[in-house]
Amino acid sequence: MKLYISVDMEGITGLVDHTHVDSSKHNYDRGRKIMTQEANYVIEKAFETGCQEVIVNDSHSKMNNLLIEDLHPETQLITGDVKPFSMVQGLDDSFGGAVFVGYHARASMSGVMSHSMIFGVRHMWINDVQIGELGFNAYIAGHYGVPVIMVAGDDGAAREAESLIPNITTAVVKQSISRSAAKSLTPVKAGELLAEKTELAIKNKDKVKPLTPPENPVLRIEFANYGQAEWANLMPGTEIEEGTTIVRYQAKNILEAYQAMLVMTELAMRTTFS
């Protein structure tokens, strides 16, 4: 089996606020070390459980957080920015399953550092299905017929994964107290849990169906303010829904919808709040 692993940061054990996940802040170096250790727990158990190839994609911020010198030597790492498919770069139909590590709840939901791509997004939909990063990435995997067999992160991410993907394995490494506080396992205990859950997920992978995206999906993104919607609307083919901050885009397929989301959110970040 060939396994794909996407590693975000907000859902990693013990990380609870921006000082852990922002490269300019004092706790970031600790955060990336724990992030790398957490990825290794999953990678090592994947190889032990019979995976012959493991590809890891660094999926947080500038996507250069994982310490490659400390990763399992048999792993290949996709790292850096810009990536045409961001958090799911390199995912295709050659993989037998995908695992999301360090994931968090979508914007406007309870969970540690919950958000969807940028902090200016309130809600995001594909047709009538409300999704965040987790759901959108699972749709890309589903486009290629690849099931997401495990999600690791906080309890908010686990609830979201279980609501979208029947029979998925979840590994909860911390329980949200607020958006910037949690009751967390220690890294050692989280590692034991991740190893146990990774083995279970691989053994049960045939019970999980890919999250199949709709054909010709409509992407809708609700932004926090109208200025962000105006910037996102500069992308050709978009329209602002009257009386809202929702920007709508009719896509040919889920791959186009994903890239449209990337462009719209990048544009929206240009808005100032002054």
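Here, every reference points to the structure presented above.
No experiment lies behind these values; they were computed from the predicted model shown.

Caption draft 1: Molecular detail of the overall build of the protein chain. Looking only at helices and strands, the protein chain has 7 helices and 12 strands in total. Computed over C-alpha atoms, the radius of gyration of the protein chain comes to 18 Å, within 12% of the 19 Å expected from 2.2 N^0.38 for 274 residues, which places it in the range of a compact globule. Taken along its principal axes, the extent of the C-alpha atoms in the protein chain is 55 × 40 × 30 Å. Taking all 274 residues of the protein chain together, 57% fall into the buried category. Of the contacts made within the protein chain by residues no fewer than 6 positions apart, 69% connect residues no fewer than 24 positions apart. In the structure as shown, the protein chain presents an accessible area of about 11,900 Å², 48% of it carried by carbon and sulfur atoms.

Caption draft 2: Here's a closer look at the nonpolar core. Membership of the largest hydrophobic core comes to 52 residues, with the highest contact counts inside it found for Phe136, Val148, Val151, Leu219, Phe223, Tyr258 and Met264. Setting aside its immediate chain neighbours within four residues, Phe136 contacts Met124, Ile126, Ile131, Leu219, Ile254, Ala257, Tyr258 and Met261. The next biggest cluster of nonpolar side chains, apart from the first, holds 35 residues, and it includes Leu3, Met150, Ala190 and Ile202.

Caption draft 3: Region of the structure containing the pairing of strand E5 (residues 121-126). Strand direction decides the pairing type here: E5 and strand E10 (residues 218-223), joined by 5 bridges, are antiparallel. Its bridge partner being in E10, His123 is matched across the sheet by Glu222. Relative to strand E6 (residues 129-130), E5 is paired through 2 bridges, and the arrangement is antiparallel. Its bridge partner being in E6, Trp125 is matched across the sheet by Gln130. Between E5 and E6, which pair antiparallel and follow one another directly, the connecting turn spans 2 residues, one of which, Asn127, has a positive phi of 50 degrees.

Caption draft 4: Layout of the environment of Ser178. As for its position among the elements, Ser178 is in strand E8 (residues 169-178). Using a relative accessible area of 32% as the deciding quantity, one classes Ser178 as partly exposed. A sequence separation of 67 residues divides Ser178 from Gly111, and the C-alpha atoms of the two residues are 6.7 Å apart. If we skip the residues at most four places from it in the chain, Ser178 touches Gly111 and Val112.

Caption draft 5: Focus on the sheet that holds strand E4 (residues 97-103). One open sheet accounts for 7 strands, arranged E3-E2-E1-E4-E7-E8-E9; its pairing is mixed. The strands lining the two open edges of the sheet, one partner per strand, are strand E3 (76-78) and strand E9 (181-184). Taking the axes of each pair of neighbouring strands and ignoring which way they run, one obtains an average angle of 25 degrees across the sheet. Looking at chain direction, strand E7 (residues 148-154) and E8 are connected through 5 bridges and run parallel. In the strand pairing of E8, Met150 is matched with Thr169.

Caption draft 6: Representation of the sheet that holds strand E12 (residues 246-250) within the structure. The strand order across the open sheet formed by 5 strands is E6-E5-E10-E12-E11, and the pairing between neighbours is antiparallel. Each edge of the open sheet is held by one strand with a lone partner, namely E6 and strand E11 (238-240).

Caption draft 7: Structural detail: the packing of aromatic side chains. Going through the model one piece at a time under the given rule, you end up with 4 aromatic pairs. Both rings, one in Tyr4 and one in Phe95, keep their centres 5.3 Å apart while their planes meet at 80 degrees; by these two values the pair is edge-to-face. Within this pair, whereas Tyr4 is found in strand E1 (residues 2-7), its partner Phe95 is found in the loop between E3 and E4, the two being separated by 91 residues in sequence. Here Tyr4 matches Phe95 in class, with each residue buried. Summarising the aromatic geometry, the rings of Phe100 and Tyr103 are spaced 4.7 Å apart at their centres and angled 10 degrees between planes, so their arrangement reads as stacked.

Caption draft 8: Molecular detail of unusual backbone geometry. For the bond from Asp81 to Val82, the omega torsion is 15 degrees, close enough to zero to count as cis. Mapped onto the fold, Val82 is located in the loop between E3 and E4. Although it is not a glycine, Ser108 adopts a positive phi angle of roughly 70 degrees. Relative to the helices and strands, Ser108 resides in the loop between E4 and E5. Ser108 sits in the partly exposed class, given a relative accessible area of 48%. Of note in the backbone geometry, Asn216 takes a positive phi value of approximately 45 degrees without being a glycine. One can find Asn216 in the loop between helix H5 (187-203) and E10.

Procedures and definitions
- By convention here, each chain's residues receive numbers from 1 onward along its written sequence.
- Residues qualify for local features only when their pLDDT is at least 70, as the model is predicted, and side-chain atom pairs are given and counted only at 80 or more; totals for whole chains, interfaces and linings, by contrast, use all residues.
- Only hydrogens and water are set aside when side-chain values are computed; all heavy atoms of the structure are taken into account.
- Strands are runs of DSSP state E lasting at least 2 residues, helices are runs of H or I lasting at least 4, and numbering of each runs from the N terminus.
- Radius of gyration here is computed from C-alpha atoms only, and the compact-globule reference equals 2.2 Å multiplied by the residue count raised to the power 0.38.
- Burial classes: relative accessible area under 20% of the type maximum marks a residue as buried, over 50% as exposed, and values in between as partly exposed (1.4 Å probe, protein chains only).
- Contact criterion: two residues are considered in contact whenever any of their non-hydrogen atoms come within 4.5 Å of each other.
- Accessible areas in this description were obtained via Shrake-Rupley with a 1.4 Å probe; residue shielding takes into account the shown protein chains only.
- Joining through side-chain atoms within 4.5 Å is the link that ties buried Ala, Val, Leu, Ile, Met, Phe, Trp, Tyr and Cys residues into a set, and such a set is a nonpolar core.
- Strands are treated as partners if at least two bridges between them are detected by DSSP.
- Axis definition: a line fitted to C-alpha atoms, limited for helices to the stretch in contact. Angles are taken between N-to-C directions and run from 0 to 180 degrees.
- Between rings of Phe, Tyr and Trp, where Trp is taken as its six-membered ring, a pair exists when centres lie within 6.5 Å; planes separated by under 30 degrees are stacked, by over 60 edge-to-face, and by other angles tilted.

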